[in-house]
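# Coordinate analysis (summary)
As a plain string of letters, each chain reads:
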Amino acid sequence: MGKLLIKNGMIIDVENGVSFIGAIEVEGNKIKRIMKQDEVLPEGIETIDAKGKYIIPGLIDMHCHINERFAPHFVASGITTVRNAAGNVNLLQNLIDKPDHAPTPRVYASDRMIDGTPGQWGPTSYGNFVTDDPEEARKEVRRQVEVGAKFIKLYGWIKRDVMEAAVDEAKKYNLEVACDLMNSKELTILDAAELGVNWIEHISGFAQEMYKGWNPLVDQEEWSHIDWDNPDQEKIKGICEKILGYNVKLCPTMVVFDQSMKYPDIWSPKNHVVESTLNVNYLMQYWKDNAEYVESIKSRTAIINNLPK
């Protein structure tokens with residue numbers, strides 16, 4: 001890969017909070033320098049005129065489950081890196097190994113999620129590992145380290161002692177641990193924080209901490225007294241302060257719930273990139289299948305949408 005000049009674009013400087021017309025010089029896979037409009041530009045290299053366009057840093061999708069069949073859609077949307085929050089490293093290896101100039105994003109991937117019995121996605125498979133045995137969880141973490149997992153993903157039916165063991169083992173290899181407690185029946189966001197989990201996906205487990213005994217799988221009529229539209233802000237603040245004390249990072253991804261609550265009036269840019277996803281048949285079928293359960297999703301899962309606001 002040689003040199004490239006992109007000129008006349010509106011450069012968005014997110015670090016300094018400014019924007020200006022300018023150019024960037026790229027060498028290989030690195031930005032060599034950024035130039036203002038009045039600076040002398042280098043000559044004799046491949047040049048792209050970006051007049052009327054914006055030049056922004058590559059975006060990162062912090063929670064996705066990527067597949068090679070629709071990976072180019074990410075780059076077409078400005079996303080140059082993805083954090084794959086559970087899947088299978090071996091199945092993604094071809095995508096992970098793609099060169100920098102490939103029209104696919106860099107993939108920062110965890111391996112299969114570690115869940116408790118009976119497994120929210122069924123028994124142990126290529127995409128999940130189900131156990132209530134702390135030592136088995138430790139072995140699974142070590143196996144994931146060997147195959148190249150960049151972080152460990154835990155799931156909502158995991159037992160407390162299993163979570164503790166998995167986190168402890170991951171830290172031996174300097175791997176961060178993420179956890180999705182959306183359907184947790186026992187553990188809350190503070191339990192995970194206390195045990196050393198680094199990332200909480202979807203702000204999950206927050207509702208379970210606020211309303212002890214509630215989870216999306218219980219009879220919701222018995223919890224109809226909860227005012228989900230006007231949650232206790234002082235209680236929310238108190239939980240947040242405790243989470244901050246453990247230096248836990250939140251990966252909110254609340255757009256999933258926001259879109260569910262608004263369905264069928266969802267927000268969509270309706271551009272050609274989005275429209276092209278209609279050609280990815282199995283992806284569209286997945287969304288259509290989920291649309292059949294939208295009322296249940298609204299009343300049981302997406303209902304937590306107002307808590308972090």
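On a predicted model such as this, the values are computed, not experimentally measured, just so you know.

For any two helices packed against each other, the geometry comes down to the angle between their axes and how far apart the axes lie. Running from amino to carboxyl end, helix H3 (residues 134-147) crosses helix H4 (residues 160-172) at an angle of 30°, the nearest separation of the two axes being 8 Å. When the axis of H3 is compared with that of H4, the two are roughly parallel. H4 is crossed by H3, and the crossing has right-handed handedness. Along its contact with H3, which presents Pro134, Ala137, Arg138, Val141 and Arg142, the element H4 presents Asp161, Val162, Ala165, Ala166, Asp168, Glu169, Ala170 and Lys172.

Considering all chains together, one arrives at zero disulfides under this definition. Cys64 takes part in no disulfide bond, and the closest cysteine sulfur to it belongs to Cys251, at a distance of 10 Å. Residue classification places Cys64 among the buried residues on the basis of a relative accessible area of 7%. Looking at Cys179, it has no disulfide partner, and the nearest cysteine sulfur is the one in Cys251, 13 Å off.

Looking at the secondary structure, you find Met113 in strand E9 (residues 113-115). Sequence-distant contacts of Met113, that is, excluding residues within four places in its chain, are made with Ala86, Trp121, Gly127, Asn128, Phe129, Lys153 and Tyr155.

Residues Leu154, Met163 and Ile304 are the most contacted members of the largest nonpolar core, which totals 44 residues. If you list the elements that add at least two residues to this core, you get H3, strand E11 (151-155), H4, strand E12 (176-180), helix H5 (189-194), helix H6 (206-210) and helix H7 (233-245). The element best represented in this core is H4, accounting for five residues. Core analysis: the next-biggest nonpolar cluster, separate from the first, contains 14 residues, Phe74, Val82, Leu95 and Leu283 among them.

On the secondary structure map, Asn215 appears in the loop between H6 and H7. A polar contact is formed between the side chain of Asn215 and the backbone nitrogen of Leu217, at a distance of 2.7 Å. Other than its neighbours up to four places away in sequence, Asn215 contacts Ser184, Lys185, Gln208 and Gln220.

The rules we used
- Residues numbered from 1 in each chain as written.
- Predicted model: local features only at pLDDT ≥ 70, side-chain atom pairs only at ≥ 80, totals over all residues.
- Heavy atoms only, no water.
- Axes fitted to C-alpha atoms, helices over the stretch in contact; angles between N-to-C directions.
- Helix = DSSP H or I, 4+ residues; strand = E, 2+ residues; numbered from the N terminus.
- Parallel < 35°, antiparallel > 145°, perpendicular 65-115°, else oblique.
- Left-handed = near helix turned anticlockwise from the far one by under 90°.
- Contact = heavy atoms within 4.5 Å.
- Disulfide = S-S within 2.5 Å.
- Buried < 20%, exposed > 50% of the residue type's maximum accessible area, 1.4 Å probe, protein only.
- Core = buried A, V, L, I, M, F, W, Y, C linked by side-chain atoms within 4.5 Å.
- Polar contact = N/O pair within 3.5 Å; in protein donor to acceptor, adjacent residues only side chain to side chain.

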